[in-house]
Amino acid sequence: MDSKVTLSFSTEVISKAKQYAADNNISLSRLIEFLLIKVTSEQYRSLEDYPIADWVHQLAEGEAEYQTKRSRKDQKKEFFESKK
């Protein structure tokens, strides 16, 4: 059973959160609920103990792709190949 709660955030945070929720096809209420479930499901002494990387990984679509530093020659080649 759902219950209502009133929260106050800055206008900028609300705007960004609404856009993020819309981009991820989830309601703002369900997004906040998900985050609160994650935060309260473990025994964290403070917010600094909360593993942000795990949270980001769970919300991300697919695996993260890390790019290593490339030479200018490789970058130039990649650029021109992408234009074909």
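Residues numbered from 1 in each chain as written. Predicted model: local features only at pLDDT ≥ 70, side-chain atom pairs only at ≥ 80, totals over all residues. Heavy atoms only, no water.

Trainee: Which residues make up unusual backbone geometry, and what values go with them?
Mentor: Positive phi, normally seen in glycine, also occurs at Asn 25, with a value near 50 degrees. Residue Asn 25 is classed as exposed on the basis of its relative accessible area, which comes to 74%. (Buried < 20%, exposed > 50% of the residue type's maximum accessible area, 1.4 Å probe, protein only.)

Trainee: Give me the layout of surface pockets: which residues, what numbers.
Mentor: Volume-wise, the largest pocket comes out at about 560 Å³. For the lining of the largest pocket, the elements supplying multiple residues, two or more each, are helix 1 (11–23) and helix 2 (28–40). Among the elements that take part in the lining of the largest pocket, helix 2 stands out by supplying eight residues, more than any other. Grouping the constituent residues of the lining of the largest pocket by class yields 13 nonpolar, two polar and five charged. (1 Å grid on protein atoms, 1.4 Å probe; cavity = no way out; pocket = protein on both sides within 12 Å on 5 of 7 lines; lining within 4 Å. Points joined across faces, edges and corners; volume = space filled by probe spheres on them. Helix = DSSP H or I, 4+ residues; strand = E, 2+ residues; numbered from the N terminus. Nonpolar A, V, L, I, M, F, W, Y, C, P; charged D, E, K, R; others polar.)

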